[in-house]
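Examining the three-dimensional arrangement
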Amino acid sequence: MALRPVQVNIKALDGSAVGRFWAEALGWSAYSPGVTTYVGPAGGPVWPDPVAVCIDIVPVPEAKTTTKNRVHLDLATTSAAHQAELVARLKAHGATPVDVGQGDVPWTVLADPEGNEFCVLEPREIYRDTGPIAAVVVDCVDPRAMARFWGEAMDWTLHEVADDQAVLRSAKGVGPYLEFLRTPGVKTVPDRVHLDLLPYPGDDKAAEVDRLRALGATDLDLGQGDVPWTCLADPEGHEFCVLAPS
């Protein structure tokens, strides 16, 4: 039994505008199948078997606080020229430079039009085949413990584990990495960005949710009411959702 991450959920005041920004950032298209804006490869949402880890922009009434998100995206580039072009293009579409204490580094830290931080990486061989999203990066206190939980939750392969960092990727060797970075401080505000997981075809969602609870996940009430997905938090309190297959 296992789950697969199928989308990164981003909350926004203006879902359509933020969706257009991320479509530009990733070279994908933005679709509005309902109240959310879905950003993915050309062809529209493919459900319940998405072809990539995509982005779902969910409209909310609250703006992002000044607190740095503890989940962010790293974007891949193929050359120094590509990195410079992407940074310039995204600034023209509303991205702003952000100082999160990164110092003198070869990657560029930006925020989308509503303040969600992300990084445009310099070319790295490890990310040459990930697609536009190189990694989903999670700040945490204990990367080893997070790797244990998420490794059990999903059928992803553990590539690296140390006190300061843990790295997982799909066993199929495709798509982005999931990286846990040891950072000071603890989670203090609700996540503006989180992962949505989906059972594989034929698997039982309720059984998967029970399995996650046994691994240390806790139920989460975000005011979602009676919905077909289940809101949970991992052992460090990061929110995530288990979606229904239909």
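Structure: above.
The structure displayed is predicted, hence computed values, not measured ones.

1. With respect to the sheet that holds strand β4 (residues 54-59)
Across the sheet, which stays open at both edges, the 8 strands sit in the order β2-β3-β4-β1-β13-β16-β15-β14 with mixed pairing between neighbours. The open sheet is flanked by β2 (29-31) and β14 (218-219), the only strands paired with a single partner. Across 3 bridges, the pairing between strand β3 (residues 37-40) and β4 is antiparallel. Bridge pairing in β4 places Val-39 opposite Ile-55.

2. Considering the sheet that holds strand β5 (residues 71-75)
Strand order in the open sheet formed by 8 strands is β6-β7-β8-β5-β9-β12-β11-β10, with mixed pairing between adjacent strands. Strands at the two margins of the open sheet, each flanked by one partner only, are β6 (96-97) and β10 (156-161). Examined bridge by bridge, β5 and strand β9 (residues 133-140) share 5 bridges and lie antiparallel to one another. Residue pairing across strands places Asp-74 opposite Ala-135, the latter belonging to β9. The strands touched by helix α1 (residues 15-26) within the sheet are β5, β8 (117-120) and β9, with β5 carrying the most contacts at an inclination of about 35 degrees. Helix-sheet contacts for helix α3 (residues 143-153) involve β9, β10, β11 (165-170) and β12 (177-182), and the interaxial angle to β12 is about 150 degrees.

3. Here's the deal with the environment of Glu-208
Note that Glu-208 resides in helix α4 (residues 205-215). Given a relative accessible area of 0%, Glu-208 falls into the buried group. Here the alpha-carbon distance between Glu-208 and Ser-79, two residues 129 residues apart in the chain, equals 41 Å. When near neighbours in sequence (up to four residues on either side) are disregarded, Glu-208 contacts Met-1, Ala-2, Leu-3 and Asp-203.

4. A word on α4
Within α4, the full set of buried residues consists of Lys-205, Glu-208, Val-209, Arg-211 and Leu-212. Mapping the buried residues of α4 onto a view down its axis gives an arc of 160 degrees, with all of them on the same face. In this structure, the buried residues of α4 make contact with β1 (3-12), α3, β13 (193-199), β15 (230-233) and β16 (239-242). Following α4 by one or two positions, Gly-216 adopts a phi angle in the positive range, close to 125 degrees.

Rules used in this analysis
- Residues numbered from 1 in each chain as written.
- Predicted model: local features only at pLDDT ≥ 70, side-chain atom pairs only at ≥ 80, totals over all residues.
- Heavy atoms only, no water.
- Pairing = 2+ DSSP bridges.
- Helix = DSSP H or I, 4+ residues; strand = E, 2+ residues; numbered from the N terminus.
- Contact = heavy atoms within 4.5 Å.
- Axes fitted to C-alpha atoms, helices over the stretch in contact; angles between N-to-C directions.
- Buried < 20%, exposed > 50% of the residue type's maximum accessible area, 1.4 Å probe, protein only.
- Arc of directions from axis to C-beta.

Nothing here speaks to function; it is geometry throughout.
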